[in-house]
Amino acid sequence: MPTKDPSAIHDILSTVRTIALVGASEKTNRPSHEVMEYLQQHGYRIIPVNPRLAGQKVLGETVYADIASLPEPVDMVELFLAPERTDAVIDQAIELKVPVIWMQIGVINEAGAARAEKAGITAVMDLCPKQEIPRLGIPAVGGQT
C-alpha cells in the first residue's frame, strides 16, 4: 500500500537528492514545470524525462527520453503522467532499483505501486512534494533557499 505516512514522507524528502521528473514540460504554466522549478530552488537535482523533448533543455537540465537513458542513478522517480501511462515507467524503475516512486496528485496506479513495493521500492501516490515540503517543514537540500 503506497505510503502517505507523514514521517515516511518527511524521511523520503529529507534524504533524496536526485529526482527524475517523468512528464516534464517546457511550458511554464504546467504543474510539472512549476514543481520542477520549486524542487530545484529547494536544492534537489531534477533530471527531466519526456520523449517528446529528449535532447532539449528544461530549466537548465537536459531532457532524457526515458529513465533507462539517464546519465546517473536517481533517488526518486516522480510521475507526472496519466495513470494508464505509468506502468512502463514503474517497471523500468523497478528494473533500475530506484528507491522511491512518487506518483503526483491524481496519478493513481494501485497495481503498479504494489509491484514496486513487492520489489522493495517505496511508493508514494496522490501527493505532491511541492505541497509536502512546506507542510512538513523540510529544510532546503544542502542549506539552499
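Trainee: So, the nonpolar core: which residues are in play, and what are the values?
Mentor: By size, the foremost hydrophobic cluster in this structure holds 27 residues, and its most contacted members are L39, Y44 and W102. Residue assignment for this core shows that the elements contributing at least two residues are α1 (6-15), β1 (18-22), α2 (31-41), β6 (100-103) and α5 (129-136). With four residues, α2 is the largest single contributor of residues to this core. For L39, the residues in contact, after removing those within four places along its chain, are I19, Y44, I46, E78, P129 and I133. Counting 22 residues, the second-largest nonpolar core is a separate cluster that includes I47, L70, I90 and A116.

Trainee: Give a description of the pattern of salt bridges that names residues and reports values.
Mentor: Per the stated rule, a full pass over the model turns up seven salt bridges. The closest approach of N and O atoms between R45 and E72, which form a salt bridge, is 2.6 Å. In this pair, R45 sits in strand β2 (residues 45-49) while E72 sits in the loop between β4 (61-62) and β5 (76-79), placing the two residues 27 residues apart along the sequence. With a relative accessible area of 29%, E72 lands in the partly exposed category. Here D87 makes a salt bridge to R115, at a shortest N to O gap of 2.9 Å. With D87 in helix α3 (residues 87-96) and R115 in helix α4 (residues 110-118), this residue pair connects regions lying 28 residues apart in the sequence. Judged by its relative accessible area of 30%, R115 is partly exposed.

Trainee: Can you tell me about the sheet that holds β2, naming the residues and giving the values?
Mentor: Taking strand neighbours across the sheet as the criterion, the five strands line up as β2-β1-β5-β6-β7 in an open arrangement whose pairing is parallel. For this open sheet the edge positions go to β2 and β7 (122-125), each flanked by a neighbour on one side alone. Geometrically, the sheet is characterised by an average inter-axis angle of 20° between neighbouring strands, direction not taken into account.

Trainee: Got a sec to walk through the packing of α2 against α5? Specific residues and values, please.
Mentor: α5 packs onto α2 with a crossing angle of 40° between their chain directions and a minimal axis gap of 9 Å. The orientation of α2 relative to α5 falls into the category oblique. Contact residues: E34, V35, Y38 and L39 in α2; P129, K130, I133 and P134 in α5. Class assignment for the residues of the contact of α2 with α5 results in six nonpolar, no polar and two charged.

Definitions and cut-offs
Residues numbered from 1 in each chain as written. Predicted model: local features only at pLDDT ≥ 70, side-chain atom pairs only at ≥ 80, totals over all residues. Heavy atoms only, no water. Core = buried A, V, L, I, M, F, W, Y, C linked by side-chain atoms within 4.5 Å. Buried < 20%, exposed > 50% of the residue type's maximum accessible area, 1.4 Å probe, protein only. Helix = DSSP H or I, 4+ residues; strand = E, 2+ residues; numbered from the N terminus. Contact = heavy atoms within 4.5 Å. Salt bridge = Lys/Arg side-chain N within 4 Å of Asp/Glu carboxyl O. Pairing = 2+ DSSP bridges. Axes fitted to C-alpha atoms, helices over the stretch in contact; angles between N-to-C directions. Parallel < 35°, antiparallel > 145°, perpendicular 65-115°, else oblique. Nonpolar A, V, L, I, M, F, W, Y, C, P; charged D, E, K, R; others polar.

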